[in-house]
Amino acid sequence: MSSFTLRPYRAEDEDAAIELWRLTWQQAYPSIDFTARVAWWRERWRNELVPNAEIIVAEQAEALIGFVTIDGSGYLDQLVVSPDHWGSKLAGTLVDKAKRLSPEGVTLLVNKDNARAIRFYERNGFAHAGEDVNPTSGRPVLKMAWKP
């Protein structure tokens, strides 16, 4: 894999970020039609994430291949990595950036049935910190936290 660069999100990244978000979730949960959720994601992106979180994107050959969102409270809402970069150092690099942006600690929610993501977060220093239910999907989630 050739190298990638990290940089702050720009408004012109919106379409690529939304498509990458859709693509990765579709890969993780193939039985769900995520194309039907694109309008909802776009609204959430514009109204919740962009105004309230720092968003760092990863680029390779001028293409967006990942991003992470972290808000002022240390909540990591989204870590998205193109499926063709799963297993590479990209996700770890994005999490490390989120940790640097929130040095007091990082929290997140992850679907309980997403064993791959849970293992990733555990390898990156996150501990289980409780359970909850996603209010939008109704799916059970794990609360995870990283403390320095």
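These remarks concern the structure in this document. A quick note: this is a predicted structure, and the numbers were derived from the prediction, not measured. (Residues numbered from 1 in each chain as written. Predicted model: local features only at pLDDT ≥ 70, side-chain atom pairs only at ≥ 80, totals over all residues. Heavy atoms only, no water.)

Before going further, it helps to spend a moment on the packing of aromatic side chains. This structure, assessed with the given rule, holds 6 aromatic pairs. Each ring, one from Tyr-9 and one from Trp-45, has its centre 5.4 Å from the other, and the planes form 75°; the classification is edge-to-face. With Tyr-9 in the loop between strand S1 (5-8) and helix H1 (14-28) and Trp-45 in helix H2 (residues 38-52), this pair connects stretches of sequence that are 36 residues apart. A relative accessible area of 16% means that Tyr-9 is categorised as buried. Seen from their ring centres, Tyr-121 and Phe-126 are 5.4 Å apart, and the 70° between their planes marks the pair as edge-to-face. Like Phe-126, Tyr-121 is buried. Ring-pair connections join several aromatic residues into one group, and the members of that group are Tyr-9, Trp-21, Trp-41, Trp-45 and Phe-67. (Phe/Tyr/Trp six-rings, centres within 6.5 Å; stacked < 30°, edge-to-face > 60°. Helix = DSSP H or I, 4+ residues; strand = E, 2+ residues; numbered from the N terminus. Buried < 20%, exposed > 50% of the residue type's maximum accessible area, 1.4 Å probe, protein only.)

Turning our attention to the nonpolar core. The nonpolar side chains of a soluble globular protein tend to be buried with one another. Among the nonpolar cores identified, the biggest contains 25 residues, and Leu-76, Leu-79, Leu-94, Val-110, Tyr-121 and Phe-126 are the most heavily contacted of them. With 5 residues, helix H3 (residues 90-101) is the largest single contributor of residues to this core. Setting aside anything within four residues of it in sequence, one finds Leu-79 in contact with Phe-67, Val-68, Ala-91, Leu-94, Val-95, Phe-120 and Tyr-121. In terms of nonpolar packing, the next biggest core, distinct from the first, is built from 16 residues, Phe-34, Ile-55, Val-57 and Val-80 among them. (Core = buried A, V, L, I, M, F, W, Y, C linked by side-chain atoms within 4.5 Å. Contact = heavy atoms within 4.5 Å.)

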